[in-house]
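Observations on the three-dimensional arrangement
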Protein chains: 2
Amino acid sequence: MVRSDARENRARILAAARQAFAEDDDTSMNRIAQLAGVGPGTLYRNYPSREVLILEIYQEEIERLIGTVDELLATATPVEALRRWTLDLVDGMRTKHSLGAALSPDAHQSMAEKSYGPVIAAITRLLDAGKAAGVIRADAEPVDFLQLTGALWRAAPDRSEPMLALILDGLGKNGDVSVSR
Amino acid sequence: MVRSDARENRARILAAARQAFAEDDDTSMNRIAQLAGVGPGTLYRNYPSREVLILEIYQEEIERLIGTVDELLATATPVEALRRWTLDLVDGMRTKHSLGAALSPDAHQSMAEKSYGPVIAAITRLLDAGKAAGVIRADAEPVDFLQLTGALWRAAPDRSEPMLALILDGLGKNGDVSVSR
DNA sequence: ACCTGAACACCGTTCAAGT
DNA sequence: ACCTGAACACCGTTCAAGT
């Protein structure tokens, strides 16, 4: 059973971290503990590492993003749905910078399944819709697509749309491009 | 005029840094100074920041890469030249990890002109060759391409070839794809 | 003119001691 | 059962003191 002060501390840490990360993406763990009014030990008791804390904070955002897939697929063509969803994702990565880092696994460090898995699943659904409709090449890989998305986020804001258009053209079936423009 | 010990120190720092980075990409500055047998102050006197040191080290590699453009363009089609050159670049980024970070500018931090400029120039030449031959879309931007290259480097090694194929297809002129496969 | 190395203000993380 | 906060082993960088 959870002590009430423990429950309160957890909430205060989340609130402090959310606000701190909104202002500065690489606020230190000690500073977050300080802002939350707890010792660093308490912070680490709740969130054993920096990455875990960040993923917890952006969990809602990720769930929101995943929740939009159905409606997009119902109201737009597969490629257009993919285009809109990706721009939404990149926008989220841009304003919540650490989210981008969390979703862009470097070559060898494995990613937390809790958010990476569902995001890959969402992308899979979007790509599959396009494959079923015959407008996206059958060998398109969701992980490759997410990886390329990381490049969009790192680029200057005004470059992400043209870069995405280029990627979408590359995803189109040969002789069957020009779907997305 | 340069004192002889100063010249020696500079050489020893470079040698130590080169070896240290080859083993561990994020060796600390203090450790490099220690390996070179100099005080940290001397290290910083020669290379005022971490980034400057890294760029100095990989300058040769960058020059080598740039030097291959002419021959590639002379012996292969523009798209194939671009493909080979990019795989070479990504391979360099992978084995010299910090080089990749140095060439993948995050959204707002400007990059050292000394290496970023020439690399962009090399990509421009490769893209222009394809544009002149009518096999690469006229609006392809070198900076976008370099940015996407960063995603290849961050991906698992066996994914970079298929991802590059996808990008190259996206770069192809509409109705004129399948050039690179 | 150049070097040394102690020092500064941090960092992420741990853990003995408390309540 | 949970919290505190001093402490650890670092980090990049600076600068007074030396030669």
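Residues numbered from 1 in each chain as written. Chains lettered and ligands numbered in written order. Predicted model: local features only at pLDDT ≥ 70, side-chain atom pairs only at ≥ 80, totals over all residues. Heavy atoms only, no water.

Under an unreviewed UniProt entry, the name given to chain A is TetR/AcrR family transcriptional regulator, and the source organism is Actinoplanes subglobosus.

With that settled, consider helix α4 (residues 50-67) of chain A. Residue and element names in this part refer to chain A. Taking 1.5 Å of rise per residue, 18 residues should cover 26 Å, and α4 covers 26 Å from first to last C-alpha, within 8% of that figure. Its maximal kink placed at Y58, α4 deviates by approximately 45°. For α4, the full list of buried residues reads L53, I54, L55, I57, Y58, Q59, E61, I62 and L65. (Helix = DSSP H or I, 4+ residues; strand = E, 2+ residues; numbered from the N terminus. Expected span 1.5 Å × (residues − 1). Bend = angle between axes of the 7 residues up to and from the residue. Buried < 20%, exposed > 50% of the residue type's maximum accessible area, 1.4 Å probe, protein only.)

Turning our attention to the domain arrangement of chain A. Residues and elements named next belong to chain A. Taken domain by domain, chain A holds domain 1 (1-48) and domain 2 (50-175). Of the roughly 1,100 Å² buried at the junction of domain 1 and domain 2 (both faces included), carbon and sulfur atoms supply 64%. Secondary-structure elements contributing two or more residues to the side of domain 1 that touches domain 2 are α1 (4-23) and α2 (29-36). (Domains from an automatic or database assignment. Buried area = accessible area lost by both parts, 1.4 Å probe.)

With that settled, the discussion passes to the protein's contact with DNA strand D. Surveying the vicinity of DNA strand D reveals 20 residues, the closest of which are A:R3, A:N9, A:T42, B:M29 and B:Y44. Close to the protein, within 4 Å, the atoms of DNA strand D belong to sugar or phosphate groups at a rate of 67%. Take B:R50: an N or O atom from its side chain is 3.2 Å from a phosphate oxygen of DNA strand D. Going through the elements one at a time, α1 and α3 (40-46) of chain A together with α2 (29-36) and α3 (40-46) of chain B are the ones with two or more residues in the surface near DNA strand D. Examining the composition of the surface near DNA strand D, we find that four residues originate from one element, α3(A), more than from any other. In terms of residue class, the surface near DNA strand D is made up of eight nonpolar, eight polar and four charged. (Near = heavy atom within 4 Å. Polar contact = N/O pair within 3.5 Å; in protein donor to acceptor, adjacent residues only side chain to side chain. Nonpolar A, V, L, I, M, F, W, Y, C, P; charged D, E, K, R; others polar.)

Per the UniProt annotation, the sites labelled "DNA-binding region" (unreviewed entry) are residues 28-47 of chain A. Secondary structure content for residues 28-47 of chain A is 75% helix and 0% strand, while the C-alpha to C-alpha distance between its ends is 14 Å. (UniProt positions renumbered as here; feature names shortened; annotations may be inferred.)

Our focus in this paragraph is the pattern of salt bridges. Applying the stated criterion across every chain, the model contains 21 salt bridges over all chains. The partner of A:E61 in a salt bridge is A:R64, with the nearest N and O atoms 3.3 Å apart. One end of the pair, A:E61, and the other, A:R64, are both in helix α4, three residues apart, so they sit about a helical turn from each other. The class of A:E61 is buried, set by a relative accessible area of 14%. Looking at A:R64, the relative accessible area reads 39%, which means it is partly exposed. Close ionic contact of B:R83 with B:E161 constitutes a salt bridge, the shortest N to O distance being 3.5 Å. You can see B:R83 sitting in helix α6 (residues 78-95) and its partner B:E161 sitting in helix α10 (residues 160-171), a full 78 residues away along the chain. Here B:R83 falls in the partly exposed class, since its relative accessible area comes to 24%. Residue classification places B:E161 among the partly exposed residues on the basis of a relative accessible area of 46%. (Salt bridge = Lys/Arg side-chain N within 4 Å of Asp/Glu carboxyl O.)

So, about the protein's contact with DNA strand C. In the vicinity of DNA strand C, 21 residues are found, and the nearest of them are A:S28, A:M29, A:Y44, B:R3 and B:N9. Among the atoms of DNA strand C lying within 4 Å of the protein, the sugar-phosphate backbone contributes 67%. Interatomic distance of 3.0 Å between a backbone N/O atom of B:G39 and a phosphate oxygen of DNA strand C. The separation between a base oxygen of DNA strand C and a polar main-chain atom of B:G41 is 3.2 Å. Elements that contribute at least two residues to the surface near DNA strand C include exactly α2 and α3 of chain A together with α1 (4-23) and α3 of chain B. Top element by residues in the surface near DNA strand C is α3(B). It accounts for four residues. Of the residues assigned to the surface near DNA strand C, the class counts are eight nonpolar, nine polar and four charged.

Residue and element names in this part refer to chain A. Following the sequence through the fold, S160 ends up in helix α10 (residues 160-171). A relative accessible area of 6% places S160 in the buried class. A distance of 3.4 Å separates a polar atom in the side chain of S160 from a polar atom in the side chain of R94. When neighbours within four sequence positions are excluded, S160 is seen to be in contact with V90, R94 and L152. (Contact = heavy atoms within 4.5 Å.)

Turning our attention to the environment of A:R125. All names here are of chain A. Relative to the helices and strands, R125 resides in helix α8 (residues 113-132). When its relative accessible area of 35% is taken as the criterion, R125 is described as partly exposed. Placed 35 residues apart in sequence, R125 and S160 show a C-alpha to C-alpha distance of 22 Å. Look past the residues within four positions of R125 in its chain and what remains in contact with it is V69, D70 and L73. Here D70 takes part through its side chain, which lies 2.3 Å from a polar atom of the side chain of R125.

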